[in-house]
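# Survey of secondary and tertiary structure
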Amino acid sequence: MGNQPLIVLSEESQRTSGRDAQSMNVTAGTAVAESVRTTLGPKGMDKMLVDSTGNVVVTNDGVTILDEMDIEHPAANMIVEVAQTQEDEVGDGTTTAVVMAGELLAKAEDLLEQDIHATILAQGYRQAAAKAKEILDEMAIDVGEEDTEELEQIAATAMTGKGAESARDQLAELVVDAVSSVSDDDGIDTDNVKLEKVVGGSIDESELVEGVIIDKERVHDNMPYFTEDADVALIDTAIEVQETEIDAEVNVTDPDQLQQFLDQEEAQLQEMVDQLADVGADVVFCQKGIDDMAQHYLAQEGIIAVRRAKKSDMKRLARATGGRIVSSIDDITEDDLGFAGSVAEKDIGGDNRIFVEDVEEARSVTLILRGGTEHVVDEVERAIEDSLGVVRVTLSDGTVLPGGGAPETELALQLRDYADSVGGREQLAVEAFADAIDVIPRTLAENAGLDPIDSLVDLRSRHDGGETSAGLDAYTGDVVDMETDGVVEPLRVKTQAVESATEAAVMILRIDDVIAAGDLKGGGSDDDEDEGPGGPGGAPGGMGGMGGMGGMGGMGGAM
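Right, let's walk through the structure included here. As the structure is a computational prediction, the values presented were derived from the model and not from experiment.

### With respect to the sheet that holds strand 14 (residues 365–371)
Taking strand neighbours across the sheet as the criterion, the 3 strands line up as 5-14-6 in an open arrangement whose pairing is mixed. The outermost strands of the open sheet, each flanked by one partner alone, are strand 5 (193–199) and strand 6 (207–209). Strand-to-strand twist of the sheet, defined as the mean angle between neighbouring strand axes without regard to direction, takes the value 25°. With 7 bridges connecting them, strand 5 and strand 14 associate as parallel partners. Across the sheet, the residue bridging to lysine 194 is threonine 366, located in strand 14. Docked against the sheet, helix 7 (residues 168–182) engages strand 5, strand 6 and strand 14, running at close to 160° with respect to strand 14.

Structure, rendered in structure tokens:
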């Protein structure tokens, strides 16, 4: 009995341990990074992603590419999470963060093969990341709300290399105006900037509307198209006959009684409309339905009405007009009404939309994005979202860095000096971190069709001479002062990229055992609470569906 093997895992389980597990995870992580690497920078290429139903997405945006790809490998998904965190926190720099994480893993693998333990690597990487944050803070340049030109440069930098680049100066101006409009004492919420896509026209025909555009039409043709100095009522209840909450049956013995029922319903609707007219409402936005008879009465009163408005649009209207969303028509007062200089139904791109404009101190605005095709407009929207994110972050933090690979080159140089002061084997990890950071300027050069070695040598020599803002101009191939050239990005883009990439790389490196069971129950669903932290058999949860264990699993042929 003593020599008989003890079987703990079920036959369906797959297990990879030690160096094999580390190597497999590193390969998966670097494969994800490699897939988006060619999109980095102003000369980055686009990817076409096609799903099983034939829908096509053409984009340069790192997080969009990774979201659309069908990735099954758990380690690869950790790298995708880096991009998603970067997008949520900052709005830009997703490709940078992913490429950096992939390179950190690749450099770590070389050291693992030299028998440097993963925990020592992790410690060295964390030390290097902390030092990198200090170096970036020292390099930061202060920016104020009044530096409109600098903010426009930041917005334009975020759009570079994306589909909106042809009109980036004009779009950058619109973005800064939009963010400045919605800024208040509570901070900046970019949800208050609505992006309205219109297929048709060219990108440079995009415009900013100081107010809200609702993708709806008037509910009745007899309502006016346009009204000035409008008092706006916002209602989140239906303008319909109220129904009883219980099922009731009424027996009618003659037609007069039936007519009384109908008259009573009409009277209810007339009373609701009279209530709105009495408080002085010129325009009514209703989140629910409006009865046909009520539409007729509203049209008679000369009130513009819109039904089934989105909840998000109602919030924007309340913010823009200063009105309050009311849940009961009986309780509505003049104080609840908002004000707009003009409310009109206009045709834009072949569709009718309601424009609520000329509002005092518009705290909710709309950007109309135009483009020749749907794919172009979608890519412009992604570029604008990134741009809004970086301007918001810059106004919140008040600090920026030069772009063009300048901060990465400076980081790599200073981290190599710092590595000499670090004792033990961690020194090798800090040096590997510095080498990994160099991947950003090297990739910028490669994507621009330049010689990466020559470009890196030029960059390093300029930084050795104390020019911390020297970066690579991808259009000319020269090393220039990025601050003077107006290529700047928020400090948080870089610090978040370094932190996220380091944490993901360290987490992946510390894994030395991968167990893929047939049906893991520890993924965190409510039904599995009684199973204990690892589900049946103690297997670690959340790794279901490993896909192709040896490679990327289902990364899809779209790449």
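Continuing now.
### Some details on helix 12 (residues 406–419)
An ideal rise of 1.5 Å per residue puts 20 Å on 14 residues; helix 12 measures up with 20 Å between its terminal C-alpha atoms. With 10 of its 14 residues buried, helix 12 lies for the most part within the structure. Among all positions in helix 12, only Ala406, Pro407, Glu408, Thr409, Glu410, Leu411, Ala412, Leu413, Leu415 and Ala419 are buried.

### Side note on the layout of surface pockets
Here the largest pocket defines a volume of roughly 790 Å³. A per-element tally of the lining of the largest pocket places helix 6 (residues 148–159) first, with 6 residues. By residue class, the composition of the lining of the largest pocket is 13 nonpolar, 15 polar and 12 charged. Domain assignment of the residues forming the lining of the largest pocket places at least three in each of domain 1 (14–142 + 401–513) and domain 2 (145–210 + 363–396).

### Notes on the side chain of threonine 94
Relative to the elements of secondary structure, threonine 94 occurs in helix 4 (residues 94–113). At 3.5 Å, the side chain of threonine 94 and the backbone nitrogen of valine 63 are in polar contact. Ignoring sequence-local partners within four residues, the contact set of threonine 94 consists of Asp61, Gly62, Val63, Ala83, Gln86 and Glu87.

### Looking at the pattern of salt bridges
On inspection of all chains with the given rule, the structure shows 23 salt bridges. A salt bridge links lysine 197 to aspartate 378, with the nearest nitrogen and oxygen atoms 2.9 Å apart. Taken together, the positions of lysine 197 in strand 5 and aspartate 378 in helix 11 (residues 374–397) put the pair 181 residues apart, joining distant regions of the chain. Several salt bridges converge on common partners, so that one network encompasses Lys194, Glu196, Asp215, Asp313, Arg316 and Arg353.

### Some words on the side chain of serine 469
With respect to the helices and strands, the residue serine 469 is situated in the loop between helix 15 (452–464) and strand 16 (470–472). Apart from the residues within four sequence positions on either side, serine 469 is in contact with Pro402, Ala406, Val480, Asp481, Met482 and Glu483.

### A short note on unusual backbone geometry
Phi angles above zero are rare outside glycine, and aspartate 115 is one such case at about 65°. In this structure, aspartate 115 sits in the loop between helix 4 and helix 5 (118–139). Classification of aspartate 115 by relative accessible area gives exposed; the value is 63%. For arginine 308, which is not glycine, the phi dihedral falls at a positive 55°. On the basis of relative accessible area, arginine 308 is assigned to the partly exposed category, the value being 48%.

What counts and how
- Think of each chain on its own: its residues are numbered from 1, step by step along the sequence as written.
- Since the coordinates come from a predicted model, pLDDT governs what is reported: local features require at least 70, and pairs of side-chain atoms require 80 or more to be given and counted, while whole-chain, interface and lining totals use all residues.
- The side-chain numbers reported here are obtained from all heavy atoms of the structure, hydrogens and water having been left aside.
- Pairs of strands are assigned from DSSP output, requiring at least two bridges between the strands.
- Helix and strand assignments come from DSSP, with helices taken as H or I runs of at least 4 residues and strands as E runs of at least 2, each series counted from the N terminus.
- Angular values range over 0 to 180 degrees, each being the angle between N-to-C directions of two axes fitted as lines to C-alpha atoms, with helices fitted over their stretch in contact.
- Note on definitions: a residue-residue contact is assigned when non-hydrogen atoms from the two residues lie within 4.5 Å.
- Each helix should span, by expectation, one fewer than its residue count multiplied by 1.5 Å.
- Throughout, exposure labels follow a simple rule: accessible area from a 1.4 Å probe, protein chains only, divided by the maximum for the residue type, with under 20% read as buried, over 50% as exposed, and the rest as partly exposed.
- Site definitions follow a grid-based scheme: protein atoms alone, a 1 Å grid, a 1.4 Å probe that fits but cannot get out for cavities, and for pockets an open set with protein on both sides within 12 Å along at least five of seven lines, plus lining residues having an atom within 4 Å of a point.
- Grid points are joined across faces, edges and corners, and a volume is the space filled by probe spheres set on the points.
- Note on residue categories: nonpolar means Ala, Val, Leu, Ile, Met, Phe, Trp, Tyr, Cys or Pro, charged means Asp, Glu, Lys or Arg, and polar means any other residue, Gly included.
- Domain limits in this description derive from either an automatic procedure or a database domain assignment.
- Polar contact is the term for a pair of N or O atoms within 3.5 Å; when the atoms are in protein, one must be able to donate a hydrogen and the other to accept it, and sequence-neighboring residues count only if both atoms are side-chain atoms.
- Think of a salt bridge as a Lys or Arg side-chain nitrogen and an Asp or Glu carboxyl oxygen that are within 4 Å of each other.

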